[in-house]
Amino acid sequence: MAKITYVEHGGKEHVVEVANGMTVMEGARDNNIPGIEADCGGACACSTCHVYVDAAWIEKLPAKDDMEEDMLDFAYEPDTERSRLTCQLKVTDALDGLRVQMPEKQI
Ligand code: FES
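Residues numbered from 1 in each chain as written. Predicted model: local features only at pLDDT ≥ 70, side-chain atom pairs only at ≥ 80, totals over all residues. Heavy atoms only, no water.

Caption draft 1: Molecular detail of the environment of I4. Looking at the secondary structure, you find I4 in strand β1 (residues 2-7). The class for I4 is buried, based on a relative accessible area of 0%. For the pair I4 and L61, spaced 57 residues apart in sequence, the C-alpha to C-alpha distance is 13 Å. Once you skip the residues sitting within four places of it in the chain, I4 turns out to touch H14, V15, V16, V18, V24, V91, L95 and L98. (Helix = DSSP H or I, 4+ residues; strand = E, 2+ residues; numbered from the N terminus. Buried < 20%, exposed > 50% of the residue type's maximum accessible area, 1.4 Å probe, protein only. Contact = heavy atoms within 4.5 Å.)

Caption draft 2: A look at unusual backbone geometry. At A38, a residue that is not glycine, the phi angle is positive and equals roughly 55°. Of note, A38 is situated in the loop between α1 (24-30) and β3 (50-53). For A38, a relative accessible area of 14% corresponds to the buried category. With a phi angle near 45°, E77 is a residue other than glycine that sits in the positive phi range. With a relative accessible area of 52%, E77 lands in the exposed category.

So this is what it looks like as structure tokens:
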């Protein structure tokens, strides 16, 4: 279980507990948090689950694989350091305290 803070582009924060084994995307979807659309349902095929992770978390997250790297090229204003696809981030206790910010829009 991890407490994750999702920050909307406008600054509104949503703090939710997400069970281990789910993805950060599913945590947002299941709690009706706006700003993460997840059009492909988590197949790493759309980039609409893009977020910017808090700088303090960049090194603590598992590395991006090639597929995630490629899909991030299609995201809205990706940042080489902070951008991640939330459907590729599996929740574990190690993610407790994670903070992610949604982009201005998803494309
Ligand atoms: S939900 Fe489509 S890439 Fe993450």
